[in-house]
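Now for the letters of each chain:
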Amino acid sequence: MVTVACDLCGSEEHTLLFVKEGFRHVRCRRCGLVFVNPRLADHTQSQMRSGTGAMGDEFLTPPQEKRLMHEVAVLEPFRRLNRVLEVGAGRGWFIAAALKAGWDAWALEINSQALERLAAVNPGRVIKEPAEDFQCDPGCVDVVRMWDVIEHLASPSRAVANIHRVLRPGGLLTLATTNFASLSRWVNGPEWVYLNGADHIVLFEPETIRRLLIQVGFTAISIRTRSFNLRRKLYHPERELPVRSKLLLPFRKIVDETIRLTLYGHQMIVTAVKKNNEN
Ligand SMILES: [Zn+2]
């Protein structure tokens, strides 16, 4: 295990929130970032080896497919160089949708099983490097997508700075991550399904993700949230736990439908634009 400073502000002062299965979850006293500390010393290497869970869904449902095509369609105003990069491309579902829409779609991935799959989806367009260190010409892509990835990274700030570098001025970053400041986390406590200290080592909230994007130089930051989830889980060994209170079940659906109007949903969807000096 290795002790780390806050990735967002560099502070070494933090407050312990809770321990789950041996992993200490702390909050930075200076900026409020929540992260696992200490963490596994070989964290990035273990992400390369982790199983099919890291690859995303094996099959897409028709609504998922439709949502993906919609996601690609809304990128249209950003198409100038015709190039999109997905950081942590998993099984390549988004890459396949982008290809269908005529984009030159590149995938960045380190998980060995996902890499095999991506080589089949879009041969010759796969970069096998960590998000913090990958090399691409500056300003060479219109859009970077990074979904359910940033919580796995040893240094989100270095990764987002690197993404900012490869985006062209006026280019778009779209990212999704779990929301530590969500109703789901509050209701479920440390057993919340997304708290797995071996994998999810940085847990953002609307305030901390905004701070990171501003720090790196992004503008036009938009944050929305969705979903209320009652799943509770342990990971070492892996097992689902029963819902904390059955009384909550009748409310799940109605809360799920309305929580998107707030910033308390358990999935955060964020977009940000690289400043364009021409404007
Ligand atoms: Zn901090």
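A short tour of the structure in this document, coming up. (Residues numbered from 1 in each chain as written. Predicted model: local features only at pLDDT ≥ 70, side-chain atom pairs only at ≥ 80, totals over all residues.)

What follows deals with the overall build of the chain. Assigned secondary structure in the chain consists of eight helices and 13 strands. Whereas a compact globule of 279 residues would reach a radius of gyration of roughly 19 Å, the chain reaches 18 Å, a difference of no more than 12%. (Helix = DSSP H or I, 4+ residues; strand = E, 2+ residues; numbered from the N terminus. Rg over C-alpha atoms; globule rule 2.2 N^0.38 Å.)

Taken in spatial order, the seven strands line up as β6-β5-β4-β7-β8-β13-β10 in an open sheet, and their pairing is mixed. For this open sheet the edge positions go to β6 (126-127) and β10 (218-226), each flanked by a neighbour on one side alone. Here five bridges tie strand β4 (residues 83-87) to strand β5 (residues 104-108), and the two strands are oriented parallel to one another. The residue of β5 that forms the bridge with V87 is L108. Against the sheet, helix α3 (residues 93-100) makes contact with β4, β5 and β7 (141-147), and its axis sits at roughly 170° relative to β5, the strand it touches most. (Pairing = 2+ DSSP bridges. Contact = placed C-beta atoms within 7 Å. Axes fitted to C-alpha atoms, helices over the stretch in contact; angles between N-to-C directions.)

One open sheet accounts for four strands, arranged β1-β2-β3-β9; its pairing is antiparallel. Each edge of the open sheet carries a strand with a single partner, namely β1 (14-20) and β9 (202-203). Across three bridges, strand β2 (residues 23-28) lies against strand β3 (residues 34-36) in antiparallel orientation. Following the sheet pairing, H25 is matched in β3 by V36.

With that out of the way, let us pick up the environment of Q45. Relative to the helices and strands, Q45 resides in helix α1 (residues 43-49). When the C-alpha atoms of Q45 and I110 are compared, they prove to be 8.9 Å apart, with 65 residues separating the residues in sequence.

With that out of the way, let us pick up the environment of V143. Take V143: it is sitting in strand β7. Here V143 falls in the buried class, since 24 other C-beta atoms lie within 10 Å of it. Distance from V143 to F228, taken between C-alpha atoms, is 29 Å for residues 85 residues apart in sequence. (Buried ≥ 20, exposed ≤ 12 C-beta atoms within 10 Å, placed from the backbone.)

Next up on the list: the environment of L172. Relative to the elements of secondary structure, L172 occurs in strand β8 (residues 167-178). Separated by 47 residues in the primary sequence, L172 and T219 have C-alpha atoms spaced 9.8 Å apart. Those residues in contact with L172 that sit more than four places away from it in its chain are L75, F78, V143, T271 and V273.

With that out of the way, let us pick up helix α5 (residues 156-166). Among the residues of α5, P156, S157, A159, V160, N162, I163 and V166 are the ones counted as buried. As for α5, its buried residues are in contact with β4, β7, β8, β9 and α7 (206-216).

Where burial is concerned, most of β7 is hidden: seven out of the seven residues are buried. Relative to β7, β4 is paired through three bridges, and the arrangement is parallel. Following the sheet pairing, E86 is matched in β7 by R145. In terms of strand pairing, β7 meets β8 through six bridges, oriented parallel. Within the sheet, the bridge partner assigned to V141 lies in β8 and is L167. In this region the chain leaves β7, passes through α5 and returns to the parallel neighbour β8; the handedness of that crossover is right-handed. (Right-handed = clockwise from strand over helix to strand, strands pointing away.)

With that settled, consider the packing of α5 against α7. Across the interface, α5 lies against α7 with an axial gap of 10 Å and an inter-helix angle of 45°. By the angle class used here, α5 and α7 are oblique. When the axes of α5 and α7 are compared, the crossing they make is right-handed. Each of P156, S157, V160, A161 and H164 in α5 lies in contact with α7, whose residues at this interface are L212, L213 and V216. (Parallel < 35°, antiparallel > 145°, perpendicular 65-115°, else oblique. Left-handed = near helix turned anticlockwise from the far one by under 90°.)

What follows covers the pairing of β2. Among the six residues of β2, five are classified as buried, and the element is accordingly described as predominantly covered. Sheet topology places β1 next to β2; six bridges connect them, and they run antiparallel. Across the sheet, residue T15 finds its bridge partner in β2, namely R27. Here β1 folds back onto β2, and the loop between the two strands holds two residues, one of which, E21, carries a positive phi near 50°. Taking the residues that link successive antiparallel strands as the turn, the β2-β3 hairpin has five residues, and the phi of G32 there is positive, at about 90°.

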